[in-house]
Amino acid sequence: MTNIILETIVNRRSTRKFTEATPEKEALELVVKAGRYAPSGGNSQSCHFVVITNREVLDSLKAAVKHEFSLMTSDENTYKSIANSIRLSKKGTYDFIYNAPVLIIVTNKKGYGNAMADSSCALMNMMLAADSIGLGSCWINQLHWLDDNSAVRELLLKLGIDDDETVCGSLALGYPSVDKAAPLERTGNQVDYIE
Ligand SMILES: Cc1cc2nc3c(=O)[nH]c(=O)nc-3n(C[C@H](O)[C@H](O)[C@H](O)COP(=O)(O)O)c2cc1C
């Protein structure tokens, strides 16, 4: 049986190498629509999607993220992806969105209990929609980690993200510049059927 949704779910991979081309507005709108049509707790629909294609804005965010991580220290207890962000930022080579031409930031209301759950549903819908129309995407967590960082927050405020919003996640998006890798076998995620 061919089922396009199940195939898309299994074949989607995170993309970390992009061409320079910015996807057409119509393609971005399809991806965002998929995010907006995600379910939300109590039908709250309180996600806020900020779709950035402006190169100067992307560059200023990258510079701020790199600078703020370069000021941090890590030790053996630091989450490995954060330690990696710090290490590459100190080296000066860090691009937290892998040179993607588009970044979609997803925020939600601070203090709302389903903020992360609703936003994750939206991000997942967008990843699948992107894959289904030939775009590549990767969840990007750095702005979530820097949610309380004042320098980054100042930039986000200028993009229309209010102080009462928390950054739940973001998506690097664009055309992949390399062939998609094979589906990643899942060996974790325990399943028990109680019959
Ligand atoms: C909550 C979450 C946070 C993630 N954060 C990052 C990130 O900051 N940078 C990154 O390159 N990938 C990130 N990823 C992507 C994962 O590394 C990736 O989904 C995982 O390795 C499985 O690979 P696949 O997406 O190709 O199936 C994140 C994924 C999730 C679900």
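Please refer to the structure higher up on the page.
Residues numbered from 1 in each chain as written. Predicted model: local features only at pLDDT ≥ 70, side-chain atom pairs only at ≥ 80, totals over all residues. Heavy atoms only, no water.

(A) Up close: the overall build of the protein. Scanning the protein from terminus to terminus reveals 7 helices and 4 strands. Order of helices (α) and strands (β) in the protein, N terminus to C terminus: α-α-β-α-α-β-α-β-α-α-β. In terms of overall dimensions, the protein has a C-alpha envelope of 50 × 40 × 40 Å along the principal axes. The burial tally for the protein puts 39% of its 195 residues in the buried class. Accessible area of the protein: about 11400 Å², with a carbon and sulfur share of 51%. Taking the 20 positively charged and 24 negatively charged side chains of the protein as two groups, their mean positions are separated by 4 Å. (Helix = DSSP H or I, 4+ residues; strand = E, 2+ residues; numbered from the N terminus. Buried < 20%, exposed > 50% of the residue type's maximum accessible area, 1.4 Å probe, protein only. Areas by Shrake-Rupley, 256 points an atom, 1.4 Å probe, with all protein chains shown as cover. Lys, Arg positive; Asp, Glu negative; His and termini not counted. Charge placed at Lys NZ, Arg CZ, Asp CG, Glu CD.)

(B) Local environment of the pattern of salt bridges. For the structure on display, the rule yields 4 salt bridges. Two residues, Asp-131 and Lys-180, come together in a salt bridge whose shortest N-O distance is 2.7 Å. With Asp-131 in helix H5 (residues 115-132) and Lys-180 in the segment after strand E4 (165-174), this residue pair connects regions lying 49 residues apart in the sequence. (Salt bridge = Lys/Arg side-chain N within 4 Å of Asp/Glu carboxyl O.)

(C) Summary view of the site of the ligand. The immediate surroundings of the ligand are formed by Arg-12, Arg-13, Ser-14, Arg-16, Tyr-98, Cys-138, Trp-139, Ile-140, Asn-141, Gln-142, Leu-184 and Arg-186. Interatomic distance of 2.8 Å between a side-chain N/O atom of Arg-16 and an oxygen atom of the ligand. Ranked by the residues each element gives to the shell around the ligand, the list is headed by strand E3 (residues 136-140), at 3 residues. Taken together, the residues of the shell around the ligand break down into 5 nonpolar, 3 polar and 4 charged. (Near = heavy atom within 4 Å. Polar contact = N/O pair within 3.5 Å; in protein donor to acceptor, adjacent residues only side chain to side chain. Nonpolar A, V, L, I, M, F, W, Y, C, P; charged D, E, K, R; others polar.)

(D) Expanded view of the environment of Ile-9. Following the sequence through the fold, Ile-9 ends up in helix H1 (residues 4-11). Looking at Ile-9, the relative accessible area reads 43%, which means it is partly exposed.

(E) Examining the sheet that holds strand E2 (residues 102-109) more closely. Strand order in the open sheet formed by 4 strands is E1-E2-E4-E3, with antiparallel pairing between adjacent strands. In this open sheet, the two edge strands, each paired with only one partner strand, are strand E1 (48-52) and E3. Strand-to-strand twist in this sheet, taken as the mean axis angle between neighbours without regard to direction, amounts to 20°. The pairing of E2 with E4 spans 8 bridges and is antiparallel. Note that in E4 the partner of Ile-104 across the bridge is Leu-171. Here helix H3 (residues 55-70) sits on the sheet in contact with E1 and E2, set at roughly 65° to E2. (Pairing = 2+ DSSP bridges. Axes fitted to C-alpha atoms, helices over the stretch in contact; angles between N-to-C directions. Contact = heavy atoms within 4.5 Å.)

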